[in-house]
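Coordinate inspection notes
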Amino acid sequence: MPRLRLTLAYVGTKYNGWQRQLLNNEELPTIQGIVEKEISRICKTKIHLQGSGRTDSGVHADCQVAHCDIPEDKTKLNWQLALNTALPQDIRVKDFTLARDDFHALFDVEKKAYTYSLWLNRNFVPPKLYPYTWACGELDLTAIDTAIPYLLGEHDFSFVQNKGTELHSTIRTLYAIHRTHFEEQRRNNPQNYELQLTFVANGFLKQMVRNLVGLLVACGKGKFAAEDIPRLIASKDRKKSPPTAPPQGLTMSQIWYKNA
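First, a word on what this report is: a plain description of the structure on this page. (Residues numbered from 1 in each chain as written. Predicted model: local features only at pLDDT ≥ 70, side-chain atom pairs only at ≥ 80, totals over all residues. Heavy atoms only, no water.)

Regarding the nonpolar core
- Ile39, Trp79, Leu118, Leu151, Leu174 and Phe199 are the most contacted members of the largest nonpolar core, which has 75 residues in total.
- Sequence-distant contacts of Leu151, that is, excluding residues within four places in its chain, are made with Phe157, Phe159, Leu174, Ile177, Leu212, Leu215, Leu216 and Ile229. (Core = buried A, V, L, I, M, F, W, Y, C linked by side-chain atoms within 4.5 Å. Buried < 20%, exposed > 50% of the residue type's maximum accessible area, 1.4 Å probe, protein only. Contact = heavy atoms within 4.5 Å.)

Brief notes about helix H5 (residues 208-220)
- When the terminal C-alpha atoms of H5 are compared, their 18 Å separation across 13 residues agrees well with the 18 Å that a helix rising 1.5 Å per residue should span.
- Within H5, 13 of the 13 residues are buried, leaving the element largely enclosed by the surrounding structure.
- At the C-terminal side of H5, Gly222 shows a positive phi close to 75°. (Helix = DSSP H or I, 4+ residues; strand = E, 2+ residues; numbered from the N terminus. Expected span 1.5 Å × (residues − 1).)

Observations concerning unusual backbone geometry
- Here Asn24, not a glycine, exhibits a phi torsion of approximately 55°, which is positive.
- Structurally, the position occupied by Asn24 is in the loop between strand E2 (22-23) and strand E3 (26-27).
- Positioned with a positive phi, Lys236 is a non-glycine residue whose angle comes to about 55°.
- You can see Lys236 is positioned in the loop between helix H6 (229-235) and strand E12 (250-257).
- Classification of Lys236 by relative accessible area gives exposed; the value is 52%.

Structural notes on the side chain of His104
- Turning to its location among the elements, His104 is positioned in the loop between strand E6 (91-99) and strand E7 (109-119).
- Classification of His104 as buried rests on a relative accessible area of 17%.
- Polar side-chain contacts of His104 include one of 3.1 Å to the backbone nitrogen of Leu106.
- Setting aside its immediate chain neighbours within four residues, His104 contacts Gln50, His67 and Tyr257. (Polar contact = N/O pair within 3.5 Å; in protein donor to acceptor, adjacent residues only side chain to side chain.)

A short note on helix H1 (residues 31-43)
- In this model, H1 (13 residues) spans 18 Å end to end at C-alpha, consistent with the 18 Å of a helix rising 1.5 Å per residue.
- Counting buried positions along H1 gives 10 out of 13 residues, so the element sits mostly inside the fold.
- Looking only at H1, the buried set comprises Ile31, Gln32, Gly33, Val35, Glu36, Glu38, Ile39, Ser40, Ile42 and Cys43.
- In this fold, the buried residues of H1 make contact with strand E1 (3-10), E3, strand E5 (60-69), helix H2 (79-86) and E6.
- One or two steps after H1, the chain reaches Lys44, where phi turns positive at roughly 60°.

A short note on the pattern of salt bridges
- Inspection of every chain in the model, using the stated rule, returns 12 salt bridges.
- With a closest N to O distance of 2.8 Å, Asp145 and Arg179 form a salt bridge. Of this pair, Asp145 sits in helix H3 (residues 141-151) while Arg179 is found in strand E10 (residues 171-179), placing the two residues 34 residues apart along the sequence.
- On the basis of relative accessibility, which here comes to 34%, the residue Asp145 falls in the partly exposed class.
- Note that Asp228 and Arg231 form a salt bridge whose closest N and O atoms lie 2.1 Å from each other.
- Here the salt bridges do not stand alone but share partners, grouping Arg20, Glu27 and Glu36 into one network. (Salt bridge = Lys/Arg side-chain N within 4 Å of Asp/Glu carboxyl O.)

Things to note about the packing of aromatic side chains
- Under the criterion given, the structure shown has six aromatic pairs.
- An angle of 25° between the planes, with centres 5.9 Å apart, marks the rings of Phe157 and Phe159 as stacked.
- For Phe157, a relative accessible area of 0% puts it in the buried group.
- Residue classification places Phe159 among the buried positions, given a relative accessible area of 0%.
- A cation over an aromatic ring shows up here: Lys111 above the ring of Tyr175, its NZ or CZ 5.9 Å from the ring centre.
- Directly above the ring of Trp256 sits Lys111, whose terminal nitrogen or CZ lies 4.8 Å from the centroid. (Phe/Tyr/Trp six-rings, centres within 6.5 Å; stacked < 30°, edge-to-face > 60°. Lys NZ or Arg CZ within 6 Å of the ring centre and 35° of its normal.)

In C-alpha cells:
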C-alpha cells in the first residue's frame, strides 16, 4: 500500500497527548486517535497512524510528522484539504506527501527540537500568550547560561526522566540549548518578557525537556547551582532534580530526518 506522510500542527491543551489511550475501556481524546479516525473514515478501512514521537497531555506541536499506509485509490486525494475540513480547528495538517515505502516517522528521525516558552514577569501575561507559556517570574540569565554547558553532550539523562516508558537505554545526546536574545528583545520592546529555550537532541525521554526547563529555572532562581549538575547527572536519580515545568509552555518545533 502507498505510504502517506503528514506534517501536523496542534494545540495540545484539550488533549491527552499524542498517543491513543483508554480509560475504563473508553478512548480519551488524543491527537493520534482523532486524526486516525478521520483517515479511517476517508479510506473506509481501519488505518494506523505512526507519529515521530509522543507529546504529553497539554503539549503542542508545530511539526509532528506521522505516516500511514492508504489504499491505492486515495493517492490522488488532497489530504490537507480533506483532513482540515473534518478535523477540529486546533489540529491542522500543514503538509502531506507520498513517502517512500520504507519511510518511518519514528525510526528515521535524526534529531528533534522542542521549544519552551517562559514569561519572566508574574504581574502581567498577555492573555493570548497565557495558555502557551509558563509565567515563572524573573530569572538570572547569567546563571542559566552557566548551567547550559553542563547539560550538553552525551549523558545518561535518567535524572530528568519521569516514569511511564520502558526503554532499552536512557543515554541521549543533547546537541544544543538555544535561548532567545532576551536582553536585546527587552531593549526593543520593554513589554516583551518572553524567553524561549530550544533543545536539540537525537531523542528525548519522557518529560525530559520539561524537567530540563525546571532545572534551568531553578538555577535562574538561585535554588540550584550549575556546578552541581555533574553530580546530579551521575546520580541518575530523578528525585534529586527540581520539579517538572508545566506542559503548556512546550512545543515540538522541528524534526530532522535521515536521507530526507
